[in-house]
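# Topology and contacts: notes
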Amino acid sequence: MDLISIRDLEKKEVELILDSAEKIHSGKKKPDHSGKILATLFFEPSTRTKLSFQSAAQRNKMGVVDFLPETSSLKKGESFTDTVRILEGYADVLVVRHPVEGSVRLAADVCERPVINGGDGANQHPTQTLIDLFSIRKTKGKIEGMNVHLVGDLKHARAMRSLAYGLAMFNAKITAVSPKGLELPKADVDEIKAKFGCSIAVRDTLDPRDADVLYVCRIQEERFADPMEAKRMKEKFMIRKDDLKNAKHGLVILHPLPKINEIESSIDSMPQAKYFEQAHYGVPVRQAILDWALSK
Amino acid sequence: MLKVDVIENGTVVDHIKAGSGLKVFVMLGVAGGYSERAALVMNVPSKRLGKKDIVKIEGKTVSEDAASMIALLSPGASINIIENSKVAKKYVVSVPERLRGAGTCPNPNCITNREECVREFTKEGERFRCHYCERLVGAEELV
Ligand SMILES: [Zn+2]
């Protein structure tokens, strides 16, 4: 079974993966795919995604082969699909990351073995979305009804757009908090509304008082024509210790990492900060994904 | 009205939204190097549309696939297949629910514009979603 886009998954399929990740994390389930091999094909660098997949495979008792584009025949002009066709002969499941949007879907078209999308340009990164959903469920006990504030550049951040979709699938409350001009694209809002009947509250100022979860991402300076405006917006949307004074008890702060200065570093040691935990959940969730991809 | 010769065997695309005629003309491949008679008439007065464009092509029967593409540019256009100077078949184009092997994704960073593959678009509301890059794009952008 391929995992290309969160749009391909039904809610019950997502629940199946999250439940499995839960069992793996608690030690109740130990997937054993000994003799099977994972191939990681990363056409652009992403050390963490790759390492956590390789770690997940090894915990599933699998072997790992790693394709390095800089030392391959790609330099001689081999096409992307040819590379995929060759590599599938070396492995039982492939994780592909590529800067061109839709490339991993194409890889899955030409490949008999299961293909997992490790990120295709600005389009999709479904395993990150599953980790995010898992993190919310794990830290809050459930996703349904949680008021999740998505904070930052919601226009360009792939993780935020996919997470909004996943949250809507689970009937969470979504509050989109972003600078003007960097709002969640209308196409995404309309899609979520049409598919899940879920409406999204929109704000242009940070106010975490009614939040159960604060999901923060970076605001990149390059997105603003005026560097002064960029600085102002970064400061305006930075999470400070003071902002948490009137927050709900049990507020959880998540971030896809790496974070630069979106969250004041003094928050790192507070109980609300769950982003390092979230990063660690990458392994059991990806173990569950590999198990799911190989079992279907 | 501007006089244009009657077609003997071919196609007349009528009721094209004014301004879209040239795109239809180009899309049907008669804009350059076509050996038979072809005409593009623009801004013809029309009761229904106010103004419309018309495309007439001798020696070419517009296929249903091509009609789908015309529908993306001008949903109300009608196709008249002419045989022996008579209308043999007439229908209004309809916007397809799904396009396969046709259309071009306007996203330059979409794999369909980089490698050989069968393009696919599915209608969602008034727009289409690319099967590959998953962008939601307007119908006219696909042509
Ligand atoms: Zn596309």
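Residues numbered from 1 in each chain as written. Chains lettered and ligands numbered in written order. Predicted model: local features only at pLDDT ≥ 70, side-chain atom pairs only at ≥ 80, totals over all residues. Heavy atoms only, no water.

From N to C terminus, chain B includes two helices and nine strands. Across chain B, helices and strands are ordered from the amino to the carboxyl terminus as β-α-β-β-α-β-β-β-β-β-β. The C-alpha radius of gyration of chain B comes to 16 Å, within 12% of the 15 Å expected for a compact globule of 143 residues. Principal-axis analysis of the C-alpha atoms places the extent of chain B at approximately 45 × 35 × 25 Å. The burial tally for chain B puts 47% of its 143 residues in the buried class. (Helix = DSSP H or I, 4+ residues; strand = E, 2+ residues; numbered from the N terminus. Rg over C-alpha atoms; globule rule 2.2 N^0.38 Å. Buried < 20%, exposed > 50% of the residue type's maximum accessible area, 1.4 Å probe, protein only.)

What follows deals with the sheet that holds strand 2 (residues 63-67) of chain A. All names here are of chain A. Ordered by their spatial adjacency, four strands build an open sheet running 2-1-3-4, and the pairing between neighbours is parallel. The outermost strands of the open sheet, each flanked by one partner alone, are strand 2 and strand 4 (115-120). Strand after strand, the sheet turns through a mean of 15° between neighbouring axes, direction not considered. Two elements, strand 1 (residues 37-42) and strand 3 (residues 93-98), share five bridges in a ladder whose sense is parallel. Within strand 3, the residue paired with A39 across the bridge is L94. Docked against the sheet, helix 3 (residues 80-87) engages strand 1, strand 2 and strand 3, running at close to 155° with respect to strand 3. The strands that helix 4 (residues 103-110) touches are strand 3 and strand 4; relative to strand 4, the one it contacts most, it runs at about 160°. (Pairing = 2+ DSSP bridges. Axes fitted to C-alpha atoms, helices over the stretch in contact; angles between N-to-C directions. Contact = heavy atoms within 4.5 Å.)

With that settled, the discussion passes to the domain arrangement of chain A. All names here are of chain A. With domains assigned, chain A is organised as domain 1 (6-124 + 280-295) and domain 2 (126-279). Opposite the 30 residues of domain 1 that make contact, domain 2 presents 28 residues. Contact between domain 1 and domain 2 buries roughly 2,600 Å² in total, counting both sides, with carbon and sulfur atoms accounting for 61%. Sorting the residues of domain 1 by area buried against domain 2 places I6, L18 and Y281 first, and these three jointly supply 28% of that buried surface. Linking domain 1 to domain 2 there are five salt bridges. (Domains from an automatic or database assignment. Buried area = accessible area lost by both parts, 1.4 Å probe. Salt bridge = Lys/Arg side-chain N within 4 Å of Asp/Glu carboxyl O.)

For the rest of this paragraph, the subject is helix 3 of chain A. Residue and element names in this part refer to chain A. Within helix 3, the full set of buried residues consists of F80, T81, T83, V84 and L87. Along the axis of helix 3, the buried residues cluster in a sector spanning 155°; they form a single face. For helix 3, the elements touching its buried residues are strand 1, strand 2, strand 3 and helix 4. (Arc of directions from axis to C-beta.)

So, about the side chain of Q272 of chain A. Residues and elements named next belong to chain A. Tracing the sequence through the fold places Q272 in the loop between strand 9 (252-254) and helix 9 (275-280). Overall, the relative accessible area of 15% leaves Q272 in the buried class. Look past the residues within four positions of Q272 in its chain and what remains in contact with it is L244, L251, V252 and I253.

This part takes up the coordination of the zinc ion. All names here are of chain B. Bound to the zinc ion on the protein side are C105 (SG), C110 (SG), C130 (SG) and C133 (SG), at distances that span 2.3 to 2.4 Å. If you look at the zinc ion, its four donor atoms make angles of 101 to 116° with each other, and the shape they trace is tetrahedral. For the zinc ion, the single-chain donor residues occur in sequence as C-x4-C-x19-C-x2-C. No difference in accessibility class separates C105 from C110, as the two residues are buried. (Donors = N, O, S within 2.8 Å, 3.2 Å for Na, K, Ca; no water. Tetrahedral: all angles 85-135°; square planar, octahedral: opposite > 155°, others 65-115°.)

Working note: non-glycine residues mostly have negative phi, and peptide bonds are mostly trans. Residue and element names in this part refer to chain A. Between L257 and P258 the backbone carries a cis peptide bond, its omega angle lying at 5°. Looking at the element boundaries, P258 is found in the loop between strand 9 and helix 9. With a phi angle near 65°, K61 is a residue other than glycine that sits in the positive phi range. Among the secondary structure elements, K61 is positioned in the loop between helix 2 (47-59) and strand 2. A positive phi angle, near 60°, is found at N171, a position not held by glycine. By secondary structure assignment, the location of N171 is in the loop between helix 6 (158-169) and strand 6 (173-177).

Residue and element names in this part refer to chain A. As summarised here, the arrangement of the five strands in space is 7-6-5-8-9, forming an open sheet in which the pairing is parallel. The open sheet is flanked by strand 7 (200-203) and strand 9, the only strands paired with a single partner. This sheet shows a mean twist of 20° between the axes of neighbouring strands, independent of strand direction. Against the sheet, helix 6 touches strand 5 (147-151), strand 6 and strand 8 (213-216), its axis set at about 170° to strand 5.

Residue and element names in this part refer to chain A. Put simply, helix 1 (residues 11-26) and helix 10 (residues 282-295) touch, their axes get as near as 8 Å, and they point 125° apart. The angle between helix 1 and helix 10 falls in the class oblique. The handedness of the crossing between helix 1 and helix 10 is right-handed. Across from E13, L16, I17, S20, A21, I24 and H25 in helix 1, the residues of helix 10 making contact are P284, V285, Q287, A288, I289, D291 and W292. When its residues are assigned to classes, the contact of helix 1 with helix 10 shows nine nonpolar, three polar and two charged. (Parallel < 35°, antiparallel > 145°, perpendicular 65-115°, else oblique. Left-handed = near helix turned anticlockwise from the far one by under 90°. Nonpolar A, V, L, I, M, F, W, Y, C, P; charged D, E, K, R; others polar.)

We now examine the side chain of D188 of chain A. Residue and element names in this part refer to chain A. Within the secondary structure, D188 is located in helix 7 (residues 186-196). Salt bridges are absent for the buried D188, whose nearest opposite-charge side chain, R7, sits at 4.3 Å. Discounting chain neighbours no more than four positions away, the residues touching D188 are R7 and R161. (Lys, Arg positive; Asp, Glu negative; His and termini not counted.)

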